[in-house]
Amino acid sequence: MNDLIKVKNSGYSEYEELLFERDKVKKEASEYNLEFLREFGDTITEIFRLKIECISKKKSISFIQARVNKGEDVDSAELEDYLATEMAEYQEKLSQLIDDNVRANSGDFISPRTAGKIKKLYHKLAKMIHPDINPKTDEVEALKNIWQMIKAAYTNNNLDELEEAEVLLNHALNELGMGSEEIEIPDIEDKIQKLKDEIFRIKTENPYSYRYILEDPEALETKKTELAAELKEYQEYSASLDAILEELMSNGVKFTWLMN
């Protein structure tokens, strides 16, 4: 079964190696992101919550002031609908950030031995079904679904699901009657260069670059100080917006409330 794919290209070994390197650095980037959230997620989440709170208050002030300038009462239901529409995207991002933070802090840590098993099994399965190696993966729905399962299990360090995927893959390949075959990967030199470029990009951008903070105690403390200062700024800004809203209210703004 390991010989499912036989490739004619002379540059295949480098191409395969780069595919696995690309997948590895993607996984590492995800792990650095989770570790970064374990360190700073609570503060980052609170900063973003305050940020959207300030945006909401600014929009409320603008809405109310516009009605005041026209000599109109403020319709509370209209204001509520306006804010719900304007803030929907921000609220969605906040929910995602909260979910990511919860996941980061509830994640299980794996032993080096398990990590080694995951890497070895992933390489074995990827050689058989990786769509950049085996074009049939994108053509056959069953293989496509199993590949998605393999990717998710690899990213989440789930050895049990990876082993289940191996069983499903072997069964699917037998059912499909897919034996050894020769293929040729077109434009392999171009694809090799694209993989090199992608690996470089991943390694030079966040979240992979978080490693330089996470691995440096001094950088960790600096980041904590920066985030604490940012949090304080938003707290003060939010308080100043409250003061503006209170001043508007004290100047005789009239609200029309939706009756239940």
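Bear in mind that the values here come from a model prediction, so they are computed numbers and not experimental data. (Residues numbered from 1 in each chain as written. Predicted model: local features only at pLDDT ≥ 70, side-chain atom pairs only at ≥ 80, totals over all residues. Heavy atoms only, no water.)

1. Considerations on the overall build of the protein
Helix and strand counts for the protein come out as 9 helices and 4 strands. A compact globule built from 260 residues should have a C-alpha radius of gyration of about 18 Å, whereas the protein, at 27 Å, is more than 25% larger. Taken over the C-alpha atoms alone, the protein extends approximately 80 × 45 × 35 Å along its principal axes. For the protein, buried positions account for 35% of its 260 residues. Put simply, the protein shows about 15900 Å² of open surface, and 48% of that area lies on carbon and sulfur atoms. Between the centroid of the 35 positive side chains of the protein and the centroid of its 55 negative side chains there is a distance of 3 Å. (Helix = DSSP H or I, 4+ residues; strand = E, 2+ residues; numbered from the N terminus. Rg over C-alpha atoms; globule rule 2.2 N^0.38 Å. Buried < 20%, exposed > 50% of the residue type's maximum accessible area, 1.4 Å probe, protein only. Areas by Shrake-Rupley, 256 points an atom, 1.4 Å probe, with all protein chains shown as cover. Lys, Arg positive; Asp, Glu negative; His and termini not counted. Charge placed at Lys NZ, Arg CZ, Asp CG, Glu CD.)

2. Looking at unusual backbone geometry
Following Asn206, the chain continues to Pro207 via a peptide bond in cis, the omega torsion being 10°. Residue placement: Pro207 occurs in the loop between α7 (188-204) and α8 (211-214). Even without being a glycine, Asn157 presents a positive backbone phi close to 55°. Of note, Asn157 is situated in the loop between α5 (141-155) and α6 (159-176). One non-glycine residue, Asp187, adopts positive backbone phi at about 50°. On the secondary structure map, Asp187 appears in the loop between β3 (181-183) and α7.

3. Thoughts on the packing of aromatic side chains
To describe a pair of aromatic rings, one takes the distance between the centres and the angle between the planes. Evaluation of the coordinates by the stated rule reveals 7 aromatic pairs. Counting every residue linked through ring pairs, the aromatic cluster contains Phe20, Tyr122, Trp147 and Tyr154. In this structure, Lys27 packs its charged tip against the face of Tyr154, placed 5.2 Å from the ring centre. Across from the ring centre of Phe63, 4.2 Å away, lies the NZ or CZ of Arg67, which sits over that ring. (Phe/Tyr/Trp six-rings, centres within 6.5 Å; stacked < 30°, edge-to-face > 60°. Lys NZ or Arg CZ within 6 Å of the ring centre and 35° of its normal.)

4. Quick word on the packing of helix α1 (residues 12-69) against α7
Think of two packed helices as two axes; the pair is described by the angle between the axes and how far apart they sit. Remark: α1 packs on α7, axes separated minimally by 9 Å, with the N-to-C direction vectors making an angle of 20°. Here α1 lies roughly parallel to α7, going by the angle between them. Of the two elements, α1 crosses α7, and the hand of that crossing is left-handed. Note on element contacts: α7 touches α1 through Ile188, Lys191, Ile192, Leu195, Lys196, Glu198, Ile199, Ile202 and Lys203, opposite Tyr12, Glu14, Tyr15, Leu18, Leu19, Glu21, Arg22, Val25, Lys26 and Ala29. In the contact of α1 with α7, the residues fall into 11 nonpolar, no polar and 8 charged. (Axes fitted to C-alpha atoms, helices over the stretch in contact; angles between N-to-C directions. Parallel < 35°, antiparallel > 145°, perpendicular 65-115°, else oblique. Left-handed = near helix turned anticlockwise from the far one by under 90°. Contact = heavy atoms within 4.5 Å. Nonpolar A, V, L, I, M, F, W, Y, C, P; charged D, E, K, R; others polar.)

5. Side note on the nonpolar core
In this structure, Tyr12, Tyr15, Ile188, Tyr208 and Leu214 are the most contacted members of the largest nonpolar core, which totals 24 residues. Elements supplying a minimum of two residues to this core: α1, α7 and α9 (217-250). Dropping the residues within four chain positions of it, Tyr208 is found in contact with Val25, Glu28, Ala29, Tyr32, Ile202 and Lys203. Judged by nonpolar contacts, the second largest core, of 21 residues, contains Ala126, Leu143, Ile146 and Leu159. (Core = buried A, V, L, I, M, F, W, Y, C linked by side-chain atoms within 4.5 Å.)

6. Some words on helix α2 (residues 76-106)
The largest bend in α2 is about 55°, located at Met87. Of all the residues in α2, the buried ones are Ser76, Leu79, Leu83, Met87, Leu94, Leu97, Asp100, Asn101 and Ala104. Near the N-terminus of α2, the side chain that reaches the backbone nitrogen of Ala77, with its oxygen 3.0 Å away, is that of Asp75. (Bend = angle between axes of the 7 residues up to and from the residue. Polar contact = N/O pair within 3.5 Å; in protein donor to acceptor, adjacent residues only side chain to side chain.)

7. Remarks on the pattern of salt bridges
Enumeration according to the criterion identifies 22 salt bridges in this entry. Its salt-bridge partner being Glu215, residue Arg211 comes within 3.6 Å of it at the nearest N-O pair. A residue is classified by how much of its surface remains accessible, and Arg211, at 23% relative accessible area, is partly exposed. Shared partners join several salt bridges into a network, and the residues in it are Arg22, Asp23, Lys26, Asp132 and Glu198. (Salt bridge = Lys/Arg side-chain N within 4 Å of Asp/Glu carboxyl O.)

8. Overview of the confidence of the model for the protein
Overall, the prediction assigns the protein a mean pLDDT of 88, with 91% of residues at 70 or greater. Within the protein, no element has a lower average pLDDT than strand β1 (residues 5-7), which sits at 50, and none a higher one than α8, at 96. The model gives residues 1-5 a pLDDT under 50, and that stretch makes 20 contacts with residues more than four places away or in other chains. (pLDDT = per-residue confidence, 0-100.)

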